[in-house]
Amino acid sequence: ERTGVFTSGIVSTGEGWKIALYFTGRQHAGENMADVLKQRAAELPSPIQMCDALSRNVPKLPEGVEILLANCLAHGRRQFVEVAENFPAECRYVLEMLGQVYGHDAEARASGQTAQQRLRFHQERSGPVMEALHGWLEEQLAGRKTEPNSGLGKAITYLLRHWKALTRSEE
């Protein structure tokens, strides 16, 4: 028996409208999302699900139903903030790289760009930053510069394990 109460939010946007659905109860986000997708028209394009990387947030999907999973970069960033005291130089590098991405996002939002324009902007400006960061993260482990079981190693592993969902660039 689950004892916790969970709230999931689903936001659907269209041209000029936004609908928010909230579910509060014993089900996890993935279960709530699966219930909504069962009622969704099959011919619609795959929805994007933004969530943290907990497995309970990803729905078990029926045959033929797909989602585009996008994880929150802030959760990956937090891993480095938490170990920064023990690995100051390495964490500073990661946090500065992620800071550039956050800066690009703030710039795009302030200029009033549409979602499509922001996506292109991030692909052009943030894409190279994230590629450089990805290479650095891989080298830390492959080059044995970081112990995989250390706090830094675990933070790096988290980002690498969820890289595709953290850097989702589809619409």
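Quick caveat: nothing in here was measured; it's all calculated off a predicted structure.

A short note on the pairing of strand β2 (residues 17–25)
- The sheet contact formed by strand β1 (residues 6–14) and β2 spans 9 bridges and is antiparallel. Bridge pairing links Phe6 to Gly25 in β2.
- Taking the residues between adjacent antiparallel strands as the criterion, β1 and β2 are bridged by 2 residues, where Gly16 takes a positive phi near 85°.

Some remarks on the nonpolar core
- In terms of nonpolar packing, the biggest core is built from 20 residues, with Phe80, Val94, Met130, Leu133, Leu137 and Leu159 touching the most fellow members.
- Elements with a contribution of two residues or more to this core: α2 (73–83), α3 (88–110), α4 (115–142), α5 (151–161) and α6 (163–166).
- Leu159 has contacts with Gly76, Phe80, Leu137 and Leu166, leaving out every residue within four places of it along the chain.

As for the packing of α2 against α3
- Contact geometry of α2 with α3 gives a least axis separation of 9 Å together with a crossing angle of 150°. In this view, α2 runs roughly antiparallel relative to α3, as classed from their interaxial angle. Of the two possible hands of crossing, α2 and α3 adopt the one that is left-handed. Note on element contacts: α3 touches α2 through Cys91, Val94, Leu95, Leu98, Val101 and Tyr102, opposite Leu73, Ala74, Arg77, Phe80, Val81 and Val83.
- Its residues placed into classes, the contact of α2 with α3 shows 11 nonpolar, no polar and 1 charged.

Parameters at a glance
- Residues numbered from 1 in each chain as written.
- Predicted model: local features only at pLDDT ≥ 70, side-chain atom pairs only at ≥ 80, totals over all residues.
- Heavy atoms only, no water.
- Pairing = 2+ DSSP bridges.
- Helix = DSSP H or I, 4+ residues; strand = E, 2+ residues; numbered from the N terminus.
- Core = buried A, V, L, I, M, F, W, Y, C linked by side-chain atoms within 4.5 Å.
- Buried < 20%, exposed > 50% of the residue type's maximum accessible area, 1.4 Å probe, protein only.
- Contact = heavy atoms within 4.5 Å.
- Axes fitted to C-alpha atoms, helices over the stretch in contact; angles between N-to-C directions.
- Parallel < 35°, antiparallel > 145°, perpendicular 65-115°, else oblique.
- Left-handed = near helix turned anticlockwise from the far one by under 90°.
- Nonpolar A, V, L, I, M, F, W, Y, C, P; charged D, E, K, R; others polar.

Taken by themselves, the reported measurements are silent on function.
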